[in-house]
Amino acid sequence: MGEFSVTHLLLLGLIFLVFFGPSRLPQLGSSLGKAIRGFKQGLNEIDVDPKDIKDTHQQVQHQQQNQQVHQTQSQKETHNS
């Protein structure tokens, strides 16, 4: 009862053909493939190690601090001129 046989698949194919028509089936398959790829890509992005996120956050903070120091130094130089 829980498995699909060849007749089940043929019946589903016939139903799809009746509802969507032969011209729309390739578009439907293409959009379904894109959706599955997007879903898999989203799952891969979720599988990030929390340590990597913390390291990235620390790098961003360090870069922001460096930018602030450079801005402060350039403001002092222009103010002293």
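Read on for a plain summary of the structure.

On a plain count of helices and strands, the protein comes out with three helices and zero strands. Start at the N end of the protein and walk to the C end: the helices and strands fall as α-α-α. Residue burial in the protein is summarised as follows: out of 81 residues, 1% are buried. As presented, the protein carries roughly 7,800 Å² of accessible surface, and 60% of it is formed by carbon and sulfur atoms.

Turning to the packing of aromatic side chains, a few remarks are in order. By the definition in use, this model includes one aromatic pair. Taken together, a centroid distance of 5.8 Å and an interplanar angle of 20° make the contact between F16 and F20 stacked. With F16 and F20 both in helix α1 (residues 6–20) and four residues apart, the pair spans about one turn of that helix.

Structural remark: α-helix, 3.6 residues per turn; residues separated by three or four positions point the same way. For α1, spanning 15 residues, the distance from its first C-alpha to its last is 21 Å, which sits close to the expected 21 Å at 1.5 Å a residue. Backbone geometry just downstream of α1 places G21 in the positive-phi region, at approximately 80°.

Reading the values: the criteria
- Chains are numbered independently. Their residues run from 1 in the order of the written sequence.
- In keeping with the predicted nature of the model, local features appear solely for residues at pLDDT of at least 70, side-chain atom pairs appear and are counted solely at 80 or more, and the whole-chain, interface and lining totals rest on all residues.
- The side-chain quantities take in all heavy atoms of the structure and omit both hydrogens and water.
- We count a stretch as a helix when DSSP gives it H or I for four or more residues in a row; a strand needs E for two or more, and each element gets its number in order from the N terminus.
- Residue exposure (1.4 Å probe, protein chains only): buried if accessible area is under 20% of the type maximum, exposed if over 50%, otherwise partly exposed.
- Here the open area of atoms and residues is found with the Shrake-Rupley method and a 1.4 Å probe, where only the protein chains shown may cover a residue.
- Two rings from Phe, Tyr or Trp (for Trp, the six-membered ring) form a pair when their centres sit within 6.5 Å of each other. Planes less than 30 degrees apart are called stacked, planes more than 60 degrees apart edge-to-face, and all others tilted.
- Helices are assigned an expected span. That span is 1.5 Å times one less than the residue count.

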